[in-house]
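# Observations on the three-dimensional arrangement
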Amino acid sequence: MRFAVVQFGGSNCDRDVCHVLRDICGISTDLVWYKERLTQPYDAIVIPGGFSYGDYLRAGAIAARTPIMSDILAHANDGRLVLGICNGAQIGAECGLIPGIFTVNAYPKFICEWTYLRVENTTSPFTTAYRRGEVIRIPVAHKEGRYVAPPETLEKLERKNRIAFRFCDPYGVCTPESNPNGSARNITGLLSEQDNVLVMMPHPERAAEAVLGSDDGKKVFDSMIGSIEAGRVPSAEQVRT
Amino acid sequence: MVSARDRSYLEHELKRELTPLELACFDNLWSEHCSYRSTGALLKTLPTTGENVLLGPGDDAAIVRFSDDIALAIGMESHNHPSYVDPYDGAATGVGGIVRDVISMGARPVALMDPLYFGPLSQEKNRYLFEHVVAGIGDYGNCIGVPVVRGELVFDESYAGNPLVNVVCVGVVNPDTFLTARVKKPGSRLVLYGASTGRDGLGGASFASRDLSEDAEAEDRPCVQVGDPYTEKLLIEATLEMAATGKILSCRDLGAAGLAGASSEMSSTFGACLDASRVHLRETGMNEVEILLAESQERMLVEVAPADVQIIGDIAEKYDLPWSDIGEVTEERRYVITFGGRTVCDLPIDLLVGGAPCEVWPKTPYHAEKPYAPPSGSIRDLAFAVLSHPDVARKDWVARQYDHHVQIRTLSVGGDAGVLRLGNDALVLSCGCNPRQIYLAPYAGTANAVYENAANLACAGAEPLCIVNCLNFASPVHPEIFWQIEQSVLGMGDMARQLTTPVVGGNVSLYNESDEFETQIKPTPSIGMVGKGPVLTPGTVGDGALLALIGKTTDAFGGSVLDAVTGCGGHAPAMADPGLLAPVRALVAGGRIDAVTDLSRGGLLAALARCAPAASVHLDGNPLRELFAETEGRFLVACQDEAVLSGLPYRVIGETGGDTLSIRYTEGILEFPRGDITHALGTTTRLMRY
């Protein structure tokens, strides 16, 4: 099994995700510089957090228009896994991997803090290791993380069980006070139509080791690895043959 | 401008008139900012060596051994004047500058700290400066992915016209392969890469070394640089990739005095000949003075063998960074610049770099302490005034704007010090000083600033490794100020010697005076300290833990927060005895106590409000002294069994539990419901959050 972590100019969580995948989860992982494109099939691709192109224009807008994105879209179209974290989520929204956008926080400043999330979907390849309704603790760090989408899109996401995570209080109740950026319906993690793309603003790689305050985020990576091992999603090997 | 005295000295030495570029070079390189003309002799009294110091002061950053395979690169810089004129860009480029100092050692930056000093938040302009300085630091640090893990906030009228923005950056590097900023070999090429050069920030070094005049904002705006953190992030990755090739002979970032400063200081081990026409520019029609002195940000200069120029250039191009091969290292100890075929500068390099004559200023002691007059008002009202003071109140409005988790090393940022994991150990960081106390007692106050940072480290079980500093003062032309600077540096050195902790770097920011407000800043010898400790599992304090106060309380009201809110006066704290640091470290490292904090601003009351907001406390003696005095050398400890404290000068003052902070003293009882404490400590957030 082999993961790729895409590095854009300005990515700054690339090495963090790589550390978690390699050293904590024991998965072979390549850091791929965006200009080099994807030169081999991967089982999963992570678009990490950071400030691709300095967030100039809009967060994620320029990275979403780089040539490597067509490789990533082709990978996703095969049904293989793509995880977009923070800036990766913004890029995912900018290139239409999921509907809606992430825009400037309701209080328009950067927020870095621990948040509680309620796990809403436990059937996707990214969330099978969680219990439904489980309350997990993962930090956020962003200025443009408020999820916005038209009401009919939100309804469809709810109906199709495509909401993975919502901000909540420590008891799992989704309140305005527990929604740090003002996201629509507290949504901060959502899945593509085929369930093989997850974008999320919180940083699971920052909560993958107990010594850092929480290992709740590790289950996102564990779920991905488990789903690939179980053959629930197409692997790089299947694409090759 | 170069003073008439310097100019005639130079023309006498060179036996000719100076060219416009030469004049500009001296104007900048002979400024206090670059040459320490007023403070150089004093700085030599500081202890700078130690078994862990691999490279002491004088380079871009110092190198200190952390473990067998990890060394730290550490530097500290101020960006005060630019941050008043343009707070957002001034603060942002302050971060950029110190980060480049660290990457030019071949080190990856892993942590930032930023001590900040502003005028009172009651004034709108100060709130504006505060908001935009924090935004500038946040936007820059967040974008380049270096966590801000510690800071300090002081609000005092003396900073209304001169806010101070100091930044510490710490990086990690292999102890055997770090780079330096001293050229190694004549014949090497000097390669400039990074952002192109424009007319921005012309003459910043000399700008930083004079008073801000009344209409400073308008006339100095072109002196403030504008930062581009995206380019800085590319510069970090490109420089580390270049360093990994082993092909870089030496490396220097372009900061104060631009290309002239970097290239002359870097080349002063030999000499250099540069062609200004080869510099990649972003504007047309720039003359040689503008090209050499512009302080355009995000630029680096490296020395490489001629055969390796292309390898370095290719790495720059991978990161979309333009580059140019602008000259060579020469055997002859001269600094020569050509432009369009003409020689526009030709100086003995030792005259330009390090040749500035020292300034000698007269000094006069002063006495600013007032006798203590007990403040009027109820203890309860005084307590809320102290807890609501923004020096004491919670800092989370600031902290949440900084990404403090990126690079996933951060173990804790909430206690007395920032704690990061590094290898198998913890890197522990603290910064700051107490200007109101230092104003009253420059020697003891500065010694206490060093002590206090070591105490913060001790609360995380860590021992100090080194100190960096920013010496922010008013103008040394005033004899009282020069005395203040001298006392302060002596106090710093004496405490550093007591702690056997070397002072490995820093900078000097003088002339912090405002015509507009007719003020001088309080002396602000801001300290950055890093240390090493064990990785600990944070303890929790449950109900029923004993609260003990270690150390003796005296009537140290002068310069306290109580003094700031009431003007009560009194003596500033005496110089602390560092004897308690080792036992406190041992208690923490051994896991024998549940929690500890050192007593500083706001005294025992602030420590209780922070660490034990639900507790019953009993105090003997004068409650004003017990609650508000800021005697140094005291710790508040929560533990299960007082036997662990035996041998220490402690007394049990209460126990945790209940719903309120209840303080009984001889004549009465104070009850602070938890909500009231939370409200008082939330002042800054309420003031700033719209």
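Residues numbered from 1 in each chain as written. Chains lettered and ligands numbered in written order. Predicted model: local features only at pLDDT ≥ 70, side-chain atom pairs only at ≥ 80, totals over all residues. Heavy atoms only, no water.

## Details of the overall build of chain A
As a reminder of what qualifies: Elements are defined by DSSP. Helices are runs of H or I of four residues or more, strands are runs of E of two residues or more, and each kind is numbered from the N terminus. For the radius of gyration, the atom set is restricted to C-alpha positions; the globular benchmark scales as 2.2 Å times the number of residues to the power 0.38. Only protein chains enter the calculation, and the probe is 1.4 Å; a residue is then buried if its accessible area is under 20% of its type maximum, exposed if over 50%, and partly exposed in between. Any two residues whose heavy atoms approach within 4.5 Å are treated as being in contact. What sets the accessible areas is the Shrake-Rupley method with a 1.4 Å probe; for residues, cover comes only from the shown protein chains. Only four residue types enter the charge count: Lys and Arg as positive, Asp and Glu as negative, with His and the chain ends excluded. Just so you know, the charge point we use is NZ for Lys, CZ for Arg, CG for Asp and CD for Glu.
Helix and strand counts for chain A come out as 6 helices and 11 strands. Taken against the 2.2 N^0.38 rule, which gives 18 Å for 241 residues, the C-alpha radius of gyration of chain A at 16 Å falls within 12% of a compact globule. Projected onto its principal axes, the C-alpha positions of chain A cover 50 × 40 × 40 Å. Counting the 241 residues in chain A, one finds 62% classified as buried. Restricting to contacts in chain A with at least 6 residues of sequence separation, those with at least 24 account for 76%. Working note: accessible area of chain A is about 8700 Å², and carbon and sulfur atoms make up 48% of it. Positive and negative charge centroids in chain A, built from 26 and 28 side chains respectively, lie 3 Å apart.

## A short note on the packing of helix H6 (residues 87–103) of chain B against helix H10 (residues 229–244) of chain B
Residue and element names in this part refer to chain B. Applied cut-off: Lines fitted to C-alpha atoms define the axes, with helix axes restricted to the stretch in contact, and inter-axis angles between N-to-C directions lie between 0 and 180 degrees. Roughly parallel here means an angle under 35 degrees, roughly antiparallel means over 145, roughly perpendicular means 65 to 115, and every remaining angle is called oblique. Residue type decides the class: Asp, Glu, Lys and Arg count as charged, Ala, Val, Leu, Ile, Met, Phe, Trp, Tyr, Cys and Pro as nonpolar, and the leftover types, Gly among them, as polar.
One way to put it is that H6 packs onto H10 with a least axis distance of 10 Å and a crossing angle of 5°. The angle between H6 and H10 places the two elements in the roughly parallel class. Contacts between H6 and H10 pair Gly96, Val99, Arg100 and Ile103 from the former with Glu232, Leu235, Ile236 and Thr239 from the latter. Taken together, the residues of the contact of H6 with H10 sort by class into 4 nonpolar, 2 polar and 2 charged.

## Considering the packing of aromatic side chains
Rule in force here: Here is the rule: rings of Phe, Tyr and Trp (six-membered ring for Trp) pair when centre to centre is within 6.5 Å. Planes less than 30 degrees apart are stacked, more than 60 are edge-to-face, and the remainder are tilted.
Counting across every chain of the model gives 19 aromatic pairs over all chains. A ring pair is formed by Trp33 of chain A and Tyr319 of chain B, whose centres lie 5.0 Å apart and whose planes are at 55°; its orientation type is tilted. Of this pair, Trp33 of chain A sits in strand S2 (residues 28–33) while Tyr319 of chain B sits in the loop between helix H13 (309–318) and strand S11 (323–330), each in a different chain. Each member of the pair, Trp33 of chain A as well as Tyr319 of chain B, is classed as buried.

## Concerning the interface of chain A and chain B
To keep things clear, this is the line we draw: Accessible area that two parts lose when put together, evaluated with a 1.4 Å probe and summed over both, is termed the buried area. Any carboxyl oxygen of Asp or Glu that lies within 4 Å of a side-chain nitrogen of Lys or Arg is treated as forming a salt bridge with it. Pairing of N or O atoms within 3.5 Å defines a polar contact, subject to two protein rules: one partner must be a possible hydrogen donor and the other a possible acceptor, and residues neighboring in sequence count only if both atoms are side-chain atoms.
If you look at the interface, chain A gives 32 residues, while chain B gives 34 residues. Taking both sides of the interface into account, the surface hidden between chain A and chain B amounts to around 2800 Å²; carbon and sulfur atoms contribute 54%. Seen at the junction of chain A and chain B, the total is 6 salt bridges. Taking the shortest distance from any N to any O, the salt bridge between Arg421 of chain B and Glu209 of chain A comes out at 2.7 Å. Counting across the chain A and chain B interface gives 16 residue pairs in polar contact (both at pLDDT 80 or more). Elements that contribute at least two residues to the side of chain A that touches chain B include exactly helix H1 (14–24), strand S6 (111–119) and strand S7 (135–142) of chain A. Residues of the side of chain A that touches chain B, tallied by class, amount to 17 nonpolar, 6 polar and 9 charged.

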